[in-house]
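Letter by letter, the chains look like this.
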Amino acid sequence: MRKRDHNLLTNAASLLICGLLAGVVVAAAAFPAVAMSGLAAKAGAETFDKLPSELTVKRPPQISYLYASDGKTPLATLYDENRRDIPLKDIPPIMQKAIIAAEDHGFYEHNGVDAKGIARAFVANNSAGETTQGASTLTMQYVRLTIAYSATHPEDVVAATEDTSARKLREMRYALQIDKELSKDEILERYLNIAPFGNGAYGVFAASQVYFAKAPKDLKIEEAAMLAGMVKAPTAFNPNSPGGAQAAKERRNYVIDNMVDIGAITQQEADAAKATPLKVTGKQAPNGCVATNKNSWGFFCDYFYRWWMEQETFGATSYDRERRLKSGGYSIVTSLDPKTQDAAKANIEQRLKTGNKNALMLAAVEPGTGRVRALAVNRNFKLDDPNKPQNKISSNPAKARKGIKGTYPNTTNPLMTGGGDITGYQAGSTFKMFTMVAALEKGYPLATTINAKSPMQTKYVVEAGGPASCKSTSYYCPTNANPSWMNGVRNMWSGFGRSVNTYFVKLEEMVGAENAVNAAKRLGIKFRAQSDADIANNKTAANQWGAFTLGVSATTPLDLANAYATLAADGKYCEPIPVQEIRDQDGNKLDVANPRCRQEFKAEIARSAIDAARCPVGDNSATSRCDGGTATMIRGSVKHPVAGKTGTTDGEKTASLVVTSKQLAVAGILADPDWAQTSAVMDHNIVNPAVYETLADALKGKPSVQFTPPGGKLIAGDQRSIPVVKCQPLDSAKSEIRNAGFDVEVDNTPVASTCPAGTAAGTTPSDRTIKGGVVTIQVSSGKGTKATPGTRPAGRGGSTGTPGGGTQPGWPDWPGLPGGGNRANG
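Residues numbered from 1 in each chain as written. Predicted model: local features only at pLDDT ≥ 70, side-chain atom pairs only at ≥ 80, totals over all residues. Heavy atoms only, no water.

Asker: Is there a simple way to explain the overall build of the protein in this structure?
Answerer: A tally of regular secondary structure across the protein gives 31 helices and 26 strands. Across the 826 residues of the protein, 56% fall into the buried class. For the protein, the share of sequence-separated contacts (at least 6 apart) that also reach a separation of at least 24 residues comes to 73%. On the protein, roughly 33,000 Å² of surface is accessible, and the fraction owed to carbon and sulfur atoms is 51%. (Helix = DSSP H or I, 4+ residues; strand = E, 2+ residues; numbered from the N terminus. Buried < 20%, exposed > 50% of the residue type's maximum accessible area, 1.4 Å probe, protein only. Contact = heavy atoms within 4.5 Å. Areas by Shrake-Rupley, 256 points an atom, 1.4 Å probe, with all protein chains shown as cover.)

What follows is the structure in structure tokens.
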């Protein structure tokens, strides 16, 4: 309907009437007992004319909607008030007429203030001696609600709703001005969007959903009449309350009769509508992360909420940010991929059902964007009901003795992402990646050789006589879990593939432990535990953290997945982010949802690290020289190019696996969140398939994308010829090899050779290796010719670069064998 023409005569008449009646009539409408007092008379035309007429209008709170990554699948709704503004064209005429019939018959005739209505109220209330009839128009009601929503202090809200003549005067003055500035249709639209309808529903859109589970456009006469009748007293006319159904029905029928009076419907339509039983079919909108579309999506929703609360874009304080989220009317497309999320949950439950004290936790991240595609665990996302508790006694003996409940099967703790009291879990040998990246950045090539002895004395100082020290020393002395499969001269391919502890502790010595720690930080490892942070943030302490490369610090599945995703993205680090798009209630896209990425490592470094990381999971490139792996079945199961690493900690208190393709990285950790020092053994046969089958499920139907192989010196480095020292005395052989620029080791176990006993039978490797690399001299037994000089007998620790080696003998495709102090083979 077009905006009415407000002529001077009409406005002048309204102002005159309001001014004259302001002191007496308004007071009578509100307080008939004092209507004729001198106090009332003083609030006359002069006072009314001086009242402000400019109304500050703020948008009332709007519901925010979260969707999955397809932009269609509902994930959750978050709100302070369940309201969604809609245009008048989406509100059917029958609803528009119903609200006019219920609240303001003369809406389209008056100028915001109904002078006749005020006079009627004055007469009725003065005769009755009490307030029996009001005189508020729809426009005045809209003004009242707008003042309340625009208030910045609680006392302003009270002032906006208190029953005083001053409040009525203010509403009249504002209503007259609003009626000048807005068309009747605009006022009606705003009123229908702001009005409260009870049961947490604000505005007609929410009310239609809450009471009838339908859009406003689909409302029937009797439904529209019931909703229109509720705005007068939502609690009294609540059809869901005890005794409320009858009151709601009577009020509905009253409105229907009024719809006949104003010509909105025929008497026949009214009779049919009143004969229809009152039936409420809707329900209150779910609110918050405990009411997601699927319960297992709650952990992702909670991660999104925590992320939002850290964004300064949404306000300077946490209070401001939460209000923006729950009242800003945002449409948020999250990064959650239902296919990946549901696959992760299904694969977890198949191997470790909800209710087990151990938690199987998975996170999936997209390389190149940081978008978090899945977060899943064998837990229900809910608070345990203290009146009907389901959670079992804590697995931590100290807490169990006090009767403290554990966090299974119900919890809202951020198990996969960290935060609050959740600092993470040890991830074992997955941390060897950070030492390798640091070494590659320092210029050490993949072909870097180290004689991986077990045990191996290092320069790192630890507690003398402790479980991690060499005998009778205070030096850190790591060991390999399976020396016969791991010991010997290794390079990065075979060292990472076979998860050789002593190779990586020695490599860490060479590059500096603080550089390995720094590489982890740059790849997104957070060091949430204070004890870890104290070391990681102190260069001196970090440089003595010999066990760091074995994964003794805590991390989360999300951080671990994102670290490997960064390398899969050629060194492009992207902050983990739970959103793809955020639009405000006006439809504007916000930049805060864009990926936040930077080139953290040179592409060649990342590609080289991925090349070695293909070895543990049974994949190979044209340049890799894999020689065995701890989980070689993964490549065949996923059927896409993959890289990754297993991880095991002391006593197998945790078990981890991270696997990445170019499209998706998935990390899983099996641990007891309630008791880090658990006596349970964490089984790779549980965590491994849950991880790689989730990746396989997520990639089904997608094309295979190859990793780009490395090139240049980071593969082989500066290759030099090794001097031929066959049959030379050992001292002479060592001197010649050392003078050629190599590091020399002697393997004192005799090998068959025609050379004199005790002399050099040959070297491993025999022809060429990198400058500064390890060359091992083999000692002749002086017997026979079974071994060719310059080669190492089979079964004595493997080669430095030839393919083969397979899975560790006698093991399943996970390490699972206990080591000594700070051992993390896996």
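Asker: Sorry, what's going on with the nonpolar core here?
Answerer: Formed by 107 residues in total, the largest nonpolar core has its most connected members in W308 and I582. Membership of the second largest hydrophobic core comes to 60 residues, among which are L138, L188, A201 and A206. (Core = buried A, V, L, I, M, F, W, Y, C linked by side-chain atoms within 4.5 Å.)

Asker: So what exactly am I meant to see when it comes to the pairing of strand 6 (residues 359-365) here?
Answerer: Every regular strand shows the same layout, with side chains that alternate between the two sheet faces. Within strand 6, seven of the seven residues are buried, which leaves it mostly tucked inside the rest of the structure. Neither face of strand 6 is open: one carries A359, M361, A363 and V365, the other L360, L362 and A364, and all of them are buried. As judged from the seven bridges shared by strand 6 and strand 20 (residues 665-671), these two strands associate in the antiparallel manner. Each residue of the ladder has a partner; that of A363, found in strand 20, is A667. The turn linking strand 6 back onto strand 7 (residues 372-377) is made up of six residues, and G368 within it adopts a positive phi angle of 90 degrees. (Pairing = 2+ DSSP bridges.)

Asker: How do you make sense of the state of the cysteines when you look at a structure like this?
Answerer: Working definition: the covalent bond between the sulfur atoms of two cysteines is a disulfide. Taken as a whole, this structure holds five disulfides when the rule is applied. Each disulfide pairs two cysteine sulfurs, and for C289 the partner residue is C301, the sulfurs being separated by 2.0 Å. Taking the sign of the S-S torsion, about -70 degrees here, the bridge from C289 to C301 comes out left-handed. Of this pair, C289 sits in the loop between helix 14 (267-275) and helix 15 (298-308) while C301 sits in helix 15; the two residues are 12 residues apart in sequence, bridging distant segments of the chain. Each member of the pair, C289 as well as C301, carries the same accessibility label: buried. What pairs with C727 in a disulfide is C755, and their sulfur atoms sit 1.9 Å apart. Where C727 bonds to C755 through sulfur, the torsion about that S-S bond is close to -70 degrees, and the disulfide is left-handed. (Disulfide = S-S within 2.5 Å.)

Asker: What is the right way to look at the packing of aromatic side chains in this model?
Answerer: Overall, the coordinates contain 15 aromatic pairs when judged by the stated rule. On the numbers, 3.6 Å between centres and 5 degrees between planes, the contact of W308 with F314 is stacked. Assigned by exposure class, W308 and F314 land together as buried. Relative to F504, the ring of Y503 has its centre 5.1 Å away and its plane inclined at 70 degrees; by these criteria the two rings are edge-to-face. Taking relative accessible area as the criterion, Y503 reaches 0% and is therefore assigned buried. Between R84 and the ring centre of F205, over which it is positioned, the NZ or CZ distance is 4.9 Å. (Phe/Tyr/Trp six-rings, centres within 6.5 Å; stacked < 30°, edge-to-face > 60°. Lys NZ or Arg CZ within 6 Å of the ring centre and 35° of its normal.)

Asker: Sorry, what's going on with the sheet that holds strand 23 (residues 760-764) here?
Answerer: Remark on secondary structure: sheet strands pair via backbone hydrogen bonds, oriented parallel or antiparallel. Pairing in this open sheet of three strands is mixed, and the strands run 22-25-23 from one edge to the other. Each edge of the open sheet carries a strand with a single partner, namely strand 22 (743-751) and strand 23. Across the sheet, the mean angle separating the axes of adjacent strands is 25 degrees when strand polarity is ignored. As paired strands, strand 22 and strand 25 (residues 774-780) are joined by six bridges and run parallel to one another. Each residue of the ladder has a partner; that of E745, found in strand 25, is T776. Of the strands in this sheet, strand 22, strand 23 and strand 25 touch helix 31 (residues 730-739), which is tilted by about 165 degrees from strand 25. (Axes fitted to C-alpha atoms, helices over the stretch in contact; angles between N-to-C directions.)

Asker: Is there a simple way to explain the sheet that holds strand 2 (residues 74-78) in this structure?
Answerer: On the basis of which strands lie adjacent, the open sheet formed by four strands has the order 2-1-5-15 and mixed pairing. The two strands at the open ends of the sheet, each matched to only one other strand, are strand 2 and strand 15 (579-583). Each strand of the sheet is rotated relative to its neighbour by a mean of 15 degrees, with strand direction disregarded. Relative to strand 15, strand 5 (residues 331-334) is paired through four bridges, and the arrangement is antiparallel. Considered in strand 15, the bridge of T334 is made with V579. Relative to strand 15, helix 15 is tilted by about 60 degrees, and along the sheet it contacts strand 1 (64-67), strand 2, strand 5 and strand 15.

Asker: Teacher, can you tell me more about helix 17 (residues 338-351) here?
Answerer: Since the α-helix advances by 3.6 residues per turn, residues separated by three or four positions end up pointing in the same direction. Relative to the 20 Å expected for 14 residues at 1.5 Å per residue, helix 17 spans 20 Å between its end C-alpha atoms, a close match to the ideal helical length. Of all 14 residues in helix 17, 10 are buried, a share of seventy percent or more. Of the residues making up helix 17, those classed as buried are P338, T340, Q341, A343, A344, K345, N347, I348, E349 and R351. On the buried face of helix 17, the contacting elements are strand 6, strand 7 and helix 29 (684-699). (Expected span 1.5 Å × (residues − 1).)

Asker: What's the story with the pattern of salt bridges in this structure? I'm lost.
Answerer: Pairing between side chains of opposite charge can happen when their charged atoms approach one another. According to the stated counting rule, one finds 36 salt bridges in the structure shown. A salt bridge links K453 to E745, with the nearest nitrogen and oxygen atoms 3.3 Å apart. With a gap of 292 residues between them, K453 in the loop between strand 11 (450-452) and helix 20 (483-486) and E745 in strand 22 connect regions that are remote in the sequence. (Salt bridge = Lys/Arg side-chain N within 4 Å of Asp/Glu carboxyl O.)

Asker: Please explain the packing of helix 7 (residues 138-150) against helix 9 (residues 165-181) as it appears in this structure.
Answerer: Each pair of packed helices can be described by the angle between their axes along with the distance between the axes. The N-to-C vectors of helix 7 and helix 9 enclose an angle of 110 degrees; their axes lie 8 Å apart at closest approach. In terms of orientation, helix 7 lies roughly perpendicular with respect to helix 9. Mapping the contact onto sequence places T139, M140, Y142, V143, R144 and I147 in helix 7 and R167, K168, R170, E171, M172, Y174, A175, I178 and D179 in helix 9. Counted by class, the contact of helix 7 with helix 9 contains eight nonpolar, one polar and six charged residues. (Parallel < 35°, antiparallel > 145°, perpendicular 65-115°, else oblique. Nonpolar A, V, L, I, M, F, W, Y, C, P; charged D, E, K, R; others polar.)

Asker: Is there a simple way to explain the environment of D611 in this structure?
Answerer: Looking at the secondary structure, you find D611 in helix 27 (residues 603-613). Residues D611 and P709 lie 98 residues apart in sequence; the distance between their C-alpha atoms is 6.6 Å. Apart from residues lying up to four places away in sequence, D611 is in contact with L446, W493, S621, T623, S624 and P710.

Asker: Would you mind showing me how to read the side chain of D747 here?
Answerer: Along the polypeptide, D747 turns up in strand 22. A distance of 3.1 Å separates a polar atom in the side chain of D747 from the backbone nitrogen of T749. (Polar contact = N/O pair within 3.5 Å; in protein donor to acceptor, adjacent residues only side chain to side chain.)

Asker: I'm lost on the environment of P367 in this one. Help?
Answerer: Positionally, P367 belongs in the loop between strand 6 and strand 7. For P367, a relative accessible area of 11% translates into the label buried. Ignoring anything within four residues of it in the chain, the contact list for P367 reads A565, A568, A569, T660, S661, K662, Q663, L664 and A665.

Asker: How do you make sense of the packing of helix 5 (residues 93-103) against helix 10 (residues 184-194) when you look at a structure like this?
Answerer: Relative orientation of the contacting elements helix 5 and helix 10 amounts to 85 degrees, with a least axis distance of 11 Å. It follows that helix 5 is roughly perpendicular to helix 10 by the angle criterion. Seen from helix 5, the contacting residues are M95, Q96, I99, I100 and E103; seen from helix 10, they are L188, Y191 and L192. Classifying every residue of the contact of helix 5 with helix 10 by side-chain character gives six nonpolar, one polar and one charged.

Asker: How do you make sense of the side chain of D674 when you look at a structure like this?
Answerer: Residue placement: D674 occurs in the loop between strand 20 and helix 29. Within the local environment of D674, its side chain forms a polar contact with the side chain of T407, the two groups lying 2.7 Å apart.

Asker: How do you make sense of the pairing of strand 19 (residues 655-660) when you look at a structure like this?
Answerer: By the criterion of burial, strand 19 is predominantly enclosed, with six of the six residues buried. Strand direction decides the pairing type here: strand 18 (residues 643-648) and strand 19, joined by six bridges, are antiparallel. Note on strand 19: the bridge partner recorded for G644 is V659. Hairpin connection, strand 18 to strand 19: the antiparallel pair is bridged by six residues, and G651 has positive phi, about 65 degrees. Pairing analysis gives six bridges linking strand 19 to strand 20, with the strands arranged antiparallel. Across the sheet, residue V659 finds its bridge partner in strand 20, namely V666. Turn length for the strand 19-strand 20 hairpin, with the two strands adjacent in sequence and antiparallel, is four residues.

Asker: In this structure, what is going on with the confidence of the model for the protein? I would like to understand it.
Answerer: Low-confidence regions, as indicated by low pLDDT, have predicted coordinates that should not be scrutinised in detail. In the predicted model, the protein carries a mean pLDDT of 88, and 86% of its residues have values of at least 70. When the criterion is pLDDT under 50, residues 1-10 qualifies, and its contacts beyond four places in sequence or with other chains add up to 20 contacts. Per-residue pLDDT stays below 50 along residues 786-823; that stretch engages in 114 contacts with residues further than four places along the chain or on separate chains. (pLDDT = per-residue confidence, 0-100.)

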